[in-house]
Amino acid sequence: MTTNAWGEAVGLLLEHDEIALACHVNPDGDALGSMLAMGIALRGLGKRVVASWGSEPFEVPTAYAGLPGLDLLVPAREFPAAPALLVTFDTGSADRLGSLADRVDVAQHVLVVDHHISNTRFGSVNLIDRDAAATAVVVVELLDLMSVELTAEIAAPVYTGLVTDTGSFKYAATTPSVHALAARLLETGIRHDVISRQIWDTTSFGYVKLLGLVCARAVLETDQVGGLGLVWTAIGVEDLDRYSLGLADVEGVIDVVRAAREAEVAVVVKTDPEDGLLKVSTRSKGQIDVGAVCVSLGGGGHRFAAGFTSDASLPDTMARLRAALAAAPHLAD
Ligand code: AMP
Ligand code: MN
Ligand code: MN
């Protein structure tokens, strides 16, 4: 990333009075948090800001329902048709904007703020820090350059992005500077305990039941991934319906499944009730680059956490994935 890109990004943000923000479909804590943090900051600078994402349902996942800045959100159908400045967050490629992807072609300027190694650089200005633990980290660097004060209102969504993308400061991307940033955020007085409880430790009873069901049907295939092992399960529309859950509610299932020590790679295949497509989540423990595997299957992500979308059946999707995993090189520790 060139110094120039940072200067151009700050220039774009400061010189526009109306700014349209978008994040990836089915937003997670980093997508939503980084977008809201920037939105609140820009509004504080007197700009007119809207923020959105291009997937249904247009509902803030309950884990993030307490965040400040939700009043910036507009449904995709109310998003500007041809924004002068479009800023995207945590979005590795234009198609990850879903129904808002067409805005990339018509916006005068597109600023891409991201940390995905697989980012396709679809913006006119691309701020992609592949070493950043979260897109929210890149947002703070931008706000510092813009001399925006880090208030508690901005810190809460930033913390949300940081804590979700580092798995509560557990993943390898958790560097000393991540902890330094967390300290800075806590100094603003945010209720990090409330934020974390809402994200990690609050579910419906239906989710507890669904977890039991999908864990009971998990399959361990020790001979897969070149003998390193694969554990996987699937969540169908009927499972979601039975317990009145949406896709956003079952994001945490992969974190339970991937704990199985017998498997290097863990997979959860979810059927999206909106489009019927399979949303495949993959995780590895460090010996397989699932990011590269998912890119080869039309998706993207990070080295050890990635995903792809499939329009094939569950057996065919798993067969393609097994073949790609078998061909993936084993990384040295
Ligand atoms: P998930 O398994 O949905 O938590 O996603 C893990 C990582 O993979 C995140 O960084 C996502 O942005 C990325 N990812 C998931 N699905 C896709 C997809 N269909 N295309 C590109 N990247 C994806
Ligand atoms: Mn994300
Ligand atoms: Mn992210």
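Reading the values: rules and limits
Residues numbered from 1 in each chain as written. Chains lettered and ligands numbered in written order. Predicted model: local features only at pLDDT ≥ 70, side-chain atom pairs only at ≥ 80, totals over all residues. Heavy atoms only, no water. Helix = DSSP H or I, 4+ residues; strand = E, 2+ residues; numbered from the N terminus. Buried < 20%, exposed > 50% of the residue type's maximum accessible area, 1.4 Å probe, protein only. Contact = heavy atoms within 4.5 Å. Donors = N, O, S within 2.8 Å, 3.2 Å for Na, K, Ca; no water. Domains from an automatic or database assignment. Buried area = accessible area lost by both parts, 1.4 Å probe. Salt bridge = Lys/Arg side-chain N within 4 Å of Asp/Glu carboxyl O. Polar contact = N/O pair within 3.5 Å; in protein donor to acceptor, adjacent residues only side chain to side chain. Nonpolar A, V, L, I, M, F, W, Y, C, P; charged D, E, K, R; others polar. Pairing = 2+ DSSP bridges. Axes fitted to C-alpha atoms, helices over the stretch in contact; angles between N-to-C directions. Near = heavy atom within 4 Å. Areas by Shrake-Rupley, 256 points an atom, 1.4 Å probe, with all protein chains shown as cover. Lys, Arg positive; Asp, Glu negative; His and termini not counted.

## Quick look at the environment of Arg283
Okay, step 1: Structurally, Arg283 is set in strand S9 (residues 278–284).
Okay, step 2: A relative accessible area of 21% places Arg283 in the partly exposed class.
Okay, step 3: In sequence terms Arg283 and Ala319 are 36 residues apart; their C-alpha atoms lie 17 Å from each other.
Okay, step 4: In this structure Arg283 touches Ile254, Arg258, Glu264, Val265, Ala266, Val290, Phe304, Ala305 and Ala306, once residues within four positions along its chain are discounted.

## Thoughts on the coordination of the manganese ion (ligand 2)
Okay, step 1: Coordination sphere of the manganese ion (ligand 2), protein contribution only: His24 (NE2), Asp28 (OD), Asp28 (OD) and Asp90 (OD), at 2.0 to 2.8 Å.
Okay, step 2: Here the manganese ion (ligand 2) and the manganese ion (ligand 3) are spaced 3.9 Å apart, linked through Asp90, which binds each one. Note that His24 is positioned in the loop between strand S1 (18–23) and helix H2 (29–44) and Asp90 in the loop between strand S3 (85–89) and helix H3 (103–106), a separation of 66 residues in sequence. With respect to class, His24 is no different from Asp90; both count as buried.

## Some details on the domain arrangement of the protein chain
Okay, step 1: Here the protein chain is described as being made up of domain 1 (3–200) and domain 2 (205–327).
Okay, step 2: At the junction of the two partners, domain 1 supplies 13 residues and domain 2 supplies 13 residues.
Okay, step 3: For the domain 1 and domain 2 pair, buried surface summed over both sides reaches about 880 Å², with 49% attributable to carbon and sulfur atoms.
Okay, step 4: On the surface where domain 1 and domain 2 come into contact, there are zero salt bridges.
Okay, step 5: Across the domain 1-domain 2 interface, the total number found is three residue pairs in polar contact (both at pLDDT 80 or more).
Okay, step 6: The residue makeup of the side of domain 1 that touches domain 2, split by class, is six nonpolar, five polar and two charged.

## A few points about the coordination of the manganese ion (ligand 3)
Okay, step 1: Binding of the manganese ion (ligand 3) to the protein goes through Asp30 (OD), Asp90 (OD), His115 (NE2) and Asp165 (OD), at separations of 2.1 to 2.2 Å.
Okay, step 2: Written as a sequence motif, the donor residues of the manganese ion (ligand 3) are D-x59-D-x24-H-x49-D.

## Points about the sheet that holds strand S5 (residues 125–128)
Okay, step 1: Across the sheet, which stays open at both edges, the five strands sit in the order S2-S1-S3-S4-S5 with parallel pairing between neighbours. Edge strands, defined here as strands with exactly one partner in the open sheet, are strand S2 (48–53) and S5. The sheet shows a mean angle of 15 degrees between the axes of neighbouring strands, direction not considered.
Okay, step 2: In this sheet, S2 lies alongside S1 in parallel orientation, the contact comprising six bridges. Its bridge partner lying in S2, Glu18 is registered against Arg48.
Okay, step 3: H2 contacts S1, S2 and S3 of the sheet and is inclined by roughly 170 degrees relative to S1.
Okay, step 4: Most of the contacts of helix H4 (residues 135–145) go to strand S4 (residues 109–114), to which it runs at about 120 degrees, and overall it touches S3, S4 and S5.

## Regarding the sheet that holds strand S11 (residues 305–310)
Okay, step 1: On the basis of which strands lie adjacent, the open sheet formed by six strands has the order S6-S7-S8-S9-S11-S10 and mixed pairing. Each having just a single partner strand, strand S6 (219–221) and strand S10 (300–301) make up the two edges of the open sheet.
Okay, step 2: With seven bridges connecting them, strand S8 (residues 265–271) and S9 associate as antiparallel partners. Paired with Val269 across the strands is Val280, a residue of S9.
Okay, step 3: Of the strands in this sheet, S6, strand S7 (230–235), S8, S9 and S11 touch helix H12 (residues 314–327), which is tilted by about 155 degrees from S7.

## Quick notes on the site of ligand 1
Okay, step 1: The immediate surroundings of ligand 1 are formed by 13 residues, with His116, Ser281, Arg283, Gly300 and Ala306 found nearest.
Okay, step 2: In this structure, Arg96 approaches ligand 1 through a side-chain N or O atom, which is 3.3 Å from an oxygen atom.
Okay, step 3: Within the side chain of His116, an N or O atom sits 2.9 Å from an oxygen atom of ligand 1.
Okay, step 4: Here ligand 1 has 480 Å² of accessible area as a free molecule, and 81% of this is covered by the chains.
Okay, step 5: Of all the secondary structure elements, the ones that give two or more residues to the shell around ligand 1 are S9, S10 and S11.
Okay, step 6: Considering each element in turn, the shell around ligand 1 owes the most residues, five residues, to S11.
Okay, step 7: A class-by-class count of the residues in the shell around ligand 1 yields three nonpolar, eight polar and two charged.

## Digging into the side chain of Asp30
Okay, step 1: Inspection of the secondary structure puts Asp30 in helix H2.
Okay, step 2: An unpaired buried charge is present at Asp30: no salt bridge exists, and Arg96, the closest side chain of opposite charge, is 10 Å distant.
Okay, step 3: Of the polar contacts made by the side chain of Asp30, one reaches the backbone nitrogen of Ala136; its length is 3.0 Å.
Okay, step 4: Aside from chain neighbours lying at most four places away, what touches Asp30 is Met35, Asp90, His115, Ala134, Thr135, Ala136, Gly161, Thr164 and Asp165.

## Some remarks on the environment of Val178
Okay, step 1: With respect to the helices, strands and loops of the structure, Val178 is situated in helix H6 (residues 176–186).
Okay, step 2: Considered as a pair, Val178 and Ala132 are 46 residues apart in the sequence and their alpha carbons are 8.7 Å apart.
Okay, step 3: Apart from residues lying up to four places away in sequence, Val178 is in contact with Ala133, Leu162, Thr166, Phe169 and Ala173.

## Remarks on the pairing of S8
Okay, step 1: Buried residues dominate S8, accounting for seven of its seven residues.
Okay, step 2: Relative to S8, S7 runs parallel, the two sharing six bridges. Residue pairing across strands places Trp232 opposite Val267, the latter belonging to S8.
Okay, step 3: Linking S8 to S9, which pair antiparallel, is a turn of six residues; within it Gly276 sits at a positive phi near 75 degrees.

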